[in-house]
Amino acid sequence: MELKRVVITGIGALTPIGNNASDYFDSLKKGVSGAAKITKFNAEKFKTQFACEIKNFNIEDHLHRKEARKLDVFSQYAIVTADEAVLDSGMNLEEVDTTRIGVIWGAGIGGLKTLQDECENFFSGDGTPKFNPFFIPKMIADIAAGHISIKYGFMGPNFATVSACASSTNALIDAFNYIRLGKANAILAGGSEAAVTETGVGGFNAMHALSQSNESPQTASRPFDKNRNGFVLGEGSGAMMLEEYDHAIARGAKIYAEVVGGGASGDAHHITAPHPEGLGARNSMNEALREANIEPSAIDYINVHGTSTPLGDIAESKAIQKVFGEHAYNLNISSTKSMTGHLLGAAGVIEALACVLAVTENIVPPTINHTEVDPELDEKLNFTFNKAQEREVNYALSNTFGFGGHNATLIIKKYK
């Protein structure tokens, strides 16, 4: 069976450093930090009082108030980026077969704010079970995919991927596979997350996962720095229209880049800590390289998972050196989480979009906030510290790893 080529024809982004794909790309190039004091609730009693929130955003600029009230925030974000990607793709929905267009959407948690609000309402009352009829439909992680499908009449494959922080990368990989196997002509894929809530911050604080650098939020996310002390929670969404190459060419679509490989693996090690030698990450990257049918030396840039945790950054750097050998020193490596924070289930897609930036503009976004070398890291590796770097990028690789030992890797190729 001949596998189909899969290209990217539309993109959308809603991030802490830009409310659309263009602004997001500009901020990545400039090295902008999205971290600031939490505004969504009073965080004074929390160990961590800052996050990477969406800024200057009003859902009623995008959706009618009545419609928005039926959606959890993570679904609102999903609809906004889906709209941007569909519009950007230039696809005339009256001229395409919508039974051959699907939606695959990732979320690590789903409607956390909805769950929190409903529980608060119940326990503050007299114990009578009075729940909002939209409670379950707003909360469940698959509902964003459903809403996008309904809005556009996309009747192809439709489901959610839930693999913690790897969720949206798994969504992109599944979309890639459905299209190249001929099961769909196009799939809108991505992910969204809205966990900057009391329960989100409190829960991650209880795990000692978040940075507590309240005195300096903007520099708190510092992947690969000696003084890193945990990740910074972020929120937002990203979307890509993945399309079969001949289908895109036939309708005269613009093409950003090509998706050529995806790999997935499990650490089988620990529920939250990565394998110390990055074994699962190695397997995921190797699988993606095999699927892309390229040698490790073909990769120019890696957008790493790089959450700014003591264990995770070391394990991933070891995995990269094992997979790429001497070529590891020729790579540009960067963690855009230093700017956006960690968007959990939406992290993979917005970082894959950073790879689209790299291959389309030959610009590697930086790892910001670096001040001190970590002696446990190989100083010969190029982590693209503090400033974007220009270089020819023909292949970019994106890693995302999630609690539970879920690993996912995507490879994006320059379109020529």
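Values in this document were obtained by computation on a predicted structure and should not be read as measured data.

**Q** Is there a simple way to explain the pairing of strand β6 (residues 186–193) in this structure?
**A** Consecutive side chains of a regular strand alternate in pointing toward one face of the sheet and then the other. Burial within β6 is extensive, with eight of its eight residues counted as buried. Burial along β6 is two-sided: Ala186, Leu188, Gly190 and Ser192 and Ile187, Ala189, Gly191 and Glu193, pointing in opposite directions, are all buried. Pairing of strand β4 (residues 101–106) with β6 involves six bridges; the strand directions are parallel. Bridged to tryptophan 105 within β6 is glycine 190. Pairing analysis gives eight bridges linking β6 to strand β7 (residues 236–244), with the strands arranged antiparallel. Across the sheet, the residue bridging to alanine 189 is methionine 240, located in β7.

**Q** Got a minute to help me understand the sheet that holds strand β14 (residues 406–414) in this structure?
**A** Read across the open sheet, the 10 strands follow the order β5-β4-β6-β7-β1-β8-β14-β13-β9-β10; overall the sheet is mixed. Only two strands of the sheet have a single neighbouring strand rather than two, namely β5 (158–161) and β10 (332–334). The mean angle between the axes of side-by-side strands here comes to 25°, regardless of whether they run parallel or antiparallel. Note: β4 against β5, four bridges, orientation parallel. Note on β5: the bridge partner recorded for isoleucine 104 is phenylalanine 159. Strands β4, β5 and β6 of the sheet are contacted by helix α6 (residues 143–152), whose axis makes an angle of about 155° with β4. Against the sheet, helix α11 (residues 310–324) engages β9 (301–303), β10 and β13 (395–402), with an angle of about 140° to β13.

**Q** Would you mind showing me how to read a nonpolar patch on the surface here?
**A** A surface patch of nonpolar side chains, amounting to about 330 Å² of accessible area, comprises Met1, Leu3 and Leu181. By secondary structure assignment, the location of methionine 1 is in the segment before β1 (6–14).

**Q** So what exactly am I meant to see when it comes to the packing of aromatic side chains here?
**A** Here a ring pair, both rings aromatic, is described through the centre-centre distance and the interplanar angle of the planes. The tally for this structure, following the rule as stated, stands at 13 aromatic pairs. When the centroid spacing of 5.6 Å and the interplanar angle of 20° are considered together, the rings of phenylalanine 131 and phenylalanine 135 count as stacked. According to the relative accessible area criterion, phenylalanine 131 is partly exposed, its value standing at 39%. Taking the relative accessible area as the measure of exposure, phenylalanine 135 reaches 12% and is therefore buried. Geometrically, the ring pair formed by phenylalanine 204 and phenylalanine 403 is tilted, given 6.4 Å between the ring centres and 55° between the ring planes. Taken together, the positions of phenylalanine 204 in helix α8 (residues 198–206) and phenylalanine 403 in the loop between β13 and β14 put the pair 199 residues apart, joining distant regions of the chain. On the accessibility criterion, phenylalanine 204 (11% relative accessible area) is buried. A relative accessible area of 32% places phenylalanine 403 in the partly exposed class. An aromatic cluster is built from Phe122, Phe123, Phe131 and Phe135, whose rings are joined through pairwise contacts. Above the face of the tyrosine 245 ring, arginine 5 is positioned so that its terminal group lies 4.2 Å from the ring centre.

**Q** What is the right way to read the environment of valine 96 from this model?
**A** Relative to the helices and strands, valine 96 resides in the loop between α3 (73–89) and β4. For valine 96, a relative accessible area of 18% puts it in the buried group. In this structure valine 96 touches Met91, Ile101 and His247, once residues within four positions along its chain are discounted.

**Q** Mind showing me how you'd approach unusual backbone geometry here?
**A** What is expected of a backbone is that most residues other than glycine have negative phi and most peptide bonds are trans. Not every positive phi belongs to a glycine, and alanine 268 is a case in point at roughly 50°. The backbone phi angle of threonine 384 is positive, close to 50°, even though this residue is not glycine. Looking at the secondary structure, you find threonine 384 in the loop between β11 (363–364) and β12 (389–390). Here threonine 384 falls in the buried class, since its relative accessible area comes to 1%.

**Q** Would you explain the nonpolar core in this entry?
**A** It is characteristic of soluble globular proteins that their nonpolar side chains tend to be buried jointly. Membership of the largest hydrophobic core comes to 46 residues, with the highest contact counts inside it found for Ile8, Tyr24, Met240, Leu242 and Ile412. Broken down by secondary-structure element, the contributors of at least two residues to this core are β1, α1 (21–30), α7 (167–180), β6, β7, β8 (257–266), α13 (347–361) and β14. In terms of residue count, α13 provides more of this core than any other element does, 11 residues in total. Setting aside chain neighbours within four positions, we find tyrosine 24 in contact with Ala13, Thr15, Ile17, Gly18, Thr340, Ile350, Glu351, Leu353 and Ala354. Grouped together as the second largest cluster of nonpolar side chains are 32 residues, Ala107, Ala141, Ile148 and Leu188 included.

**Q** Would you mind going over the state of the cysteines with me for this structure?
**A** One pass over the full model with this rule turns up zero disulfides. Cysteine 52 carries a free sulfur, and the closest cysteine sulfur to it, the one in cysteine 165, is 14 Å from it.

**Q** Teacher, can you tell me more about the environment of threonine 199 here?
**A** Mapped onto the elements of the fold, threonine 199 is located in helix α8. C-alpha of threonine 199 to C-alpha of serine 297: the two residues are 98 residues apart in sequence and 44 Å apart in space. Ignoring anything within four residues of it in the chain, the contact list for threonine 199 reads Leu112 and Gln116. Within the structure, the side chain of threonine 199 is placed 2.8 Å from the side chain of glutamine 116, a separation counted as a polar contact. A polar contact is formed between the side chain of threonine 199 and the side chain of threonine 197, at a distance of 3.0 Å.

About the thresholds
- Residue numbers run consecutively from 1 along every chain, following the written order of its sequence.
- Totals for whole chains, interfaces and linings use all residues, but because this is a predicted model, local features are given only for residues with pLDDT of at least 70 and pairs of side-chain atoms are given and counted only at 80 or more.
- Each side-chain value is worked out from all heavy atoms of the structure, with water and hydrogens disregarded.
- Exposed residues in this analysis have more than 50% of their type's maximum accessible area, buried residues have under 20%, and partly exposed residues fall in between, with area computed by a 1.4 Å probe over protein chains only.
- In this description a helix means any DSSP run of H or I spanning at least four residues, a strand means any run of E spanning at least two, and both kinds are numbered starting from the N terminus.
- One requirement defines pairing of two strands: DSSP has to find at least two bridges between them.
- Axis geometry follows a simple rule: fit a line to the C-alpha atoms, using only the stretch in contact for helices, then measure angles between N-to-C directions, giving values from 0 to 180 degrees.
- In this analysis, two residues are considered to be in contact whenever any of their non-hydrogen atoms come within 4.5 Å of each other.
- Residues enter patches when their relative accessible area tops 30% and they take part in no salt bridge; the joining distance is 9 Å for like charges and 5 Å for the nonpolar side chains Val, Leu, Ile, Met, Phe, Trp and Tyr.
- Note that accessible areas follow from Shrake-Rupley with a 1.4 Å probe, and for residues the cover is restricted to the protein chains shown.
- The salt bridge definition used is simple: a Lys or Arg side-chain nitrogen within 4 Å of an Asp or Glu carboxyl oxygen.
- Pairing of aromatic side chains here covers Phe, Tyr and the six-membered ring of Trp, requires ring centres within 6.5 Å, and sorts the geometry by plane angle: under 30 degrees stacked, over 60 edge-to-face, intermediate tilted.
- Criterion for a charge above a ring: Lys NZ or Arg CZ within 6 Å of the ring centre, and within 35 degrees of the ring normal.
- In plain words, nonpolar cores are sets of buried Ala, Val, Leu, Ile, Met, Phe, Trp, Tyr and Cys residues tied together by side-chain atoms within 4.5 Å.
- Cysteine sulfur atoms are paired as a disulfide whenever they come within 2.5 Å of each other.
- Nitrogen and oxygen atoms within 3.5 Å of one another constitute a polar contact, given that in protein one can donate a hydrogen and the other can accept it, and given that sequence-neighbouring residues count only through two side-chain atoms.

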